[in-house]
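Structure at a glance
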Amino acid sequence: MSGRALILGARSAIAAALAQRLAGDGWDLVLAARRCQRLEPVAADLRLRRQRQVDLLEFDALDLESHAGLADRVRAAAGPFDLVVCVFGYAGDPDAARRDTGEMTATLGTNFTAAAVCLGHLANDLEERREGGLIAVSSVAGDRGRQSNYVYGASKGGLNVFLQGLRNRLAPAGVHVMTVKPGFVDTPMTEGREALFLVASPERVAGDVLRAWKRRRNVVYTPWFWRWIMLLVRLVPEGLFKRLRL
Amino acid sequence: MYWAHQPPATWLLARKGSGGYLGTPAVPIRLRDKACVKTEPLHGWGRHPRLHGAVHRARDLDDLRRLARSSPTGIGRGAGRSYGDAAVGAHVISALPLRHLLDFDGQSGVLKAQAGVTLDDVIRFALPRGWFPPVTPGTRHCTLGGCVAADVHGKNHHRVGAFGAFVDELEMVLAGGDVVRCSRTELPDLFWATLGGMGLTGLIHAVTLRLAPVSSAFIDNLGVRTGNLGETCRLLRETQDDHAYSVAWIDLLPRGGRRGRGHVLLGDHADGPALAPLHRDPRWKLPALPANLVRRTGLRLLNALYYRRQLRRQRRRRVHYSPYFHPLDGVAHWNRAYGPRGFLQFQFAVPFDSGEEVMADVVERTRRAAPCSLAVLKTFGDHPGGPLGFPMPGYTLALDFPRTSRIEEALGDAAGTVAAAGGRVYLAKDALLTPEQTETMYPRLDEFRAARRRYDPGGRVRSALSDRTGLT
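Now for a quick tour of the structure. Since we're looking at a predicted model, the values are computed, not measured. (Residues numbered from 1 in each chain as written. Chains lettered and ligands numbered in written order. Predicted model: local features only at pLDDT ≥ 70, side-chain atom pairs only at ≥ 80, totals over all residues. Heavy atoms only, no water.)

Before going further, it helps to examine the overall build of chain A. Helices and strands together make up the secondary structure of chain A, namely nine helices and eight strands. Sequence-distant contacts in chain A: of pairs separated by 6 or more residues, those separated by 24 or more amount to 67%. Of the roughly 10,700 Å² of accessible surface on chain A, 54% is carried by carbon and sulfur atoms. Across chain A, 34 positive and 26 negative side-chain charges occur, with their mean positions spaced 7 Å apart. (Helix = DSSP H or I, 4+ residues; strand = E, 2+ residues; numbered from the N terminus. Contact = heavy atoms within 4.5 Å. Areas by Shrake-Rupley, 256 points an atom, 1.4 Å probe, with all protein chains shown as cover. Lys, Arg positive; Asp, Glu negative; His and termini not counted. Charge placed at Lys NZ, Arg CZ, Asp CG, Glu CD.)

What follows is the structure in C-alpha cells.
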C-alpha cells in the first residue's frame, strides 16, 4: 500500500530514516518541520534516489492555533495524504525540568499538548474521509514514571493515553492508529548522554515501524525486547518502585 | 541491523560520547550550553596513532557553519579512511550525516552531492543509470569530501589524472562560517589548495563531480605474471598508453632475483549490456583481535600461493568492478588483522629515472624491521594537481607494514631516501613524516600556506597531521 505520507518533525533522525524507507516502498512524502528549507538536501536526495514526489511544509508544532488548518494546508501544498507520521519531540534536560518552568512547559507542551492538538485535528480530517492511518512516536519512558525522567515520561505517557483514545474513536472509521515506543535511539536527542544501553540505530527503528504498520499493530516497542523490559518495570509494586533509583 | 558505514546499533553497554583521558587532554570549551566536551579515541585506518578528540556531527549546512564559527580548532572528518592522523585532532567535525545527493544531470553525468556521500553511495546510484566514478581509490567507503581532501588517485592516473581532475566545483564552509563556492574559475587558489589539502583549507559541504559513462559492470582484464621488480616496472611503463587501468601486486618478501615478482593487471571497461549486478556488502567481517595476525611466515606462504593463482603467464578475464577496484572491501574491518598496535602504510612517488633504485633501497631498509604485507605498484602520468598534490610522473609504491618496534625508524630513513631522490610520501597514508621531510617533498608548500592564510587567517582548521608535519 502506498500513497502520500505526511511526516511531522521531519528533521529528526528517526524521521529521516522513515522517509528513506517510505520512499523506497513507493510513498510520496510531505516533510514538515520548522524552517523547512533546511530539508532541501533531504528532499533532493529522495527525489533523485527514489524518484518520488517530495514536498516541504513549514510546520511549527508549538503554534497550536495553526493545527486546525493543517490538513488543508497539506492538501494545498502537495495533495491528499494517506498516512500521518508524528515524530517531533523534545527531550530536554531532566535535571533542569525539575526546577525550570520553561523547561517543564517546553517538554510537556511539545511532546503532549502540541502533539495532541495537532493529531486531534488531523484525526478529525481522517475520520471524515474514512481513510488513512496515523503513526505517532512516543517512548518507553511513558510506560512508568521514573525519578530520572518523569517530566518527559509524563508527556509521553499522556500521549499514549491520547493515542489509545484516538485508536478507539477512529477504529469504526477504518483508520488505524499505531503507537511506537522506542527505547534509546542513536540520534541527536541522545547525544552526549551517559548511561545509555541497548542503543538502536534510527534505521533499525524505521524498519520495525514499517514492518509493524504493515501488520496493523496497535503498539510497537522497538527494538522488540523493550516490551518485556517495560513489562517487568511496570510489574514492580509501587511501594518498592518508589525506593529504586531507576 | 549493522551497516558497514553507519554507526552500528550497539548491543553492549555503551556510553555515548564519553571516554577517559589518555594521551591528549580534552580542552574544556563552551559549545552551546554545555560546559565541557566529552572526547573519544580517534584514529585512521591504520589504527595508529590513536588520539582523543571531541567529535561534533554536522547534520546540515547550518550545523557546519555553526561548528566552523564556534569550534576553536577542528578538522573535517569523513569515513576516516586515511591511514594516519589526517582526520584526527582535538576537535573533529564529522560530515558523515551530510549524506544526500543534491542534483544529477543524466545527460552529462554531472553529480552534485554533499561531502559525506561515499563512493559506495555514488556507485549504487549511478551505475544503474550508466555512470561510474571516473577515479576510484582502493576502497569505495571513502567520502567525496575525503576524496577531494586527499585528491585520491586510482589505477588510471597515468591516463586521466586524479580525482580533482573531475571535480567541477566545491561548496565550502570556511573557518569563520562563510559559505563559498570555488572552482577553476572562481577562487581558484582556494580550489587548488583544497584538492589534496587534507581538509586544512576549510570544511567541504558539497562536491560537483563529473562521472564517467560506462556500459557494463565488468572490466576486461589482462593479467600478466612477472618474475621480478625490473620486469614489473618495465611492463607497467611500456603499457601506459594501452589500457585504462593498470596496477601491479608485487611480492617483496623474497630476496634477490625474485623480489618484486607479481601480477600486473591491465584493464578496460567492458563493452557489455549488463550494468548489473551491483556490489554487495561484504559477507566477512573481522572482529577486534587481541594480537597481530600478520607475521612473516604466514605472509610468505600467502604470497607464494597468491603468486601462483595464475599459472599462465598471460590470462584474459572478465572481472566484476567490485573485486577489481575494491578487493579489500570484501572483508569488513580487515585492518583489525593487525591487532591493537595497528599498521603503517608507506606510499611514495618517485620519478621514473631513479624509481627502481629508490624502491629497491626502501625495500632493503625496511626488510628487516617488518615484513611487507602488501605492496602495490602503479605508474603516474603527467597530470598536475594542487600545491599539496601527491602524484608526479613516475612510479608509486604503497607498502603495508605491521607496526613492529623498528619499522618507524626504518620508514623515517626510507622517507629521507625518497626525499633525496626528488620523490614524496602520500600524506593521506602517512603517520611519520617530520616537518623537514615535508618541506623537502612538497616544494609548493609555501603556495599552500599562503592560500591557508588567506582563507583561514586565524589558523583555526588544524589536525594532528598538520601539527606533526608543520603544514600549517
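There's more to say after this.
This part takes up the nonpolar core. Counting 100 residues, the largest nonpolar core has L144(B), F163(B), L170(B), F346(B), F348(B), L377(B) and L399(B) as the members making the most contacts within it. With seven residues, the single largest contributor to this core is helix α10 (residues 407-420) of chain B. If we ignore the near neighbours within four places in the chain, the residues touching L170(B) are V148(B), V180(B), R181(B), C182(B), F191(B), T194(B), I204(B), A206(B) and V207(B). Judged by nonpolar contacts, the second largest core, of 35 residues, contains L29(A), A43(A), V85(A) and V220(A). (Core = buried A, V, L, I, M, F, W, Y, C linked by side-chain atoms within 4.5 Å. Buried < 20%, exposed > 50% of the residue type's maximum accessible area, 1.4 Å probe, protein only.)

Let's shift gears to the packing of helix α5 (residues 101-129) of chain A against helix α6 (residues 150-170) of chain A. A pair of packed helices can be characterised by two numbers: the angle between their axes and the separation between those axes. Residue and element names in this part refer to chain A. Direction vectors running N to C along α5 and α6 enclose 10 degrees, while the axes themselves pass 8 Å from each other. Taken together, α5 and α6 sit at an angle that is classed as roughly parallel. Between α5 and α6, the residues in contact are M104, T107, L108, N111, F112, A115, A116, L119, G120, A123, N124 and E127 and V151, Y152, A154, S155, K156, G158, L159, F162, L163, L166, R169 and L170, respectively. Residue classes in the contact of α5 with α6 are distributed as 15 nonpolar, six polar and three charged. (Axes fitted to C-alpha atoms, helices over the stretch in contact; angles between N-to-C directions. Parallel < 35°, antiparallel > 145°, perpendicular 65-115°, else oblique. Nonpolar A, V, L, I, M, F, W, Y, C, P; charged D, E, K, R; others polar.)

Before going further, it helps to spend a moment on helix α2 (residues 40-50) of chain A. Of all the residues in α2(A), the buried ones are P41(A), V42(A), A43(A), A44(A), D45(A), L46(A) and L48(A). In this structure, the buried residues of α2(A) make contact with α1 (13-24), β2 (28-33) and β3 (54-58) of chain A together with β6 (101-105), β7 (110-114) and α2 (119-126) of chain B. Among the residues trailing α2(A), Q51(A) stands out with phi positive, at a value near 50 degrees.

As a further point, take unusual backbone geometry. Residues other than glycine predominantly adopt negative phi, and peptide bonds predominantly adopt the trans conformation. A cis amide bond, omega -10 degrees, links T222(A) with the succeeding residue P223(A). Assignment of secondary structure puts P223(A) in the loop between β8 (219-222) and α8 (226-235). The linkage connecting H48(B) with the following residue, P49(B), adopts the cis geometry, with an omega of -5 degrees. Tracing the backbone shows P49(B) in the loop between β2 (40-42) and β3 (51-57). Not every positive phi belongs to a glycine, and Q51(A) is a case in point at roughly 50 degrees. Examined against the element boundaries, Q51(A) turns out to sit in the loop between α2 and β3. Looking at Q51(A), the relative accessible area reads 54%, which means it is exposed. Positive phi, normally seen in glycine, also occurs at M198(B), with a value near 55 degrees. As for its position among the elements, M198(B) is in the loop between α5 (188-194) and β11 (203-210).

Below, the discussion takes up the sheet that holds strand β19 (residues 343-350) of chain B. All names here are of chain B. As summarised here, the arrangement of the eight strands in space is β17-β13-β15-β14-β20-β21-β19-β22, forming an open sheet in which the pairing is antiparallel. Every interior strand has two partners, whereas the edge strands, β17 (314-320) and β22 (424-425), have only one. In terms of strand pairing, strand β13 (residues 218-226) meets β17 through seven bridges, oriented antiparallel. Among the inter-strand pairings, I219 is bridged to a residue of β17, identified as V319. Against the sheet, helix α7 (residues 296-307) makes contact with β13, β14 (245-251) and β15 (261-269), and its axis sits at roughly 50 degrees relative to β15, the strand it touches most. (Pairing = 2+ DSSP bridges.)

These figures come from the coordinates and say nothing about function on their own.
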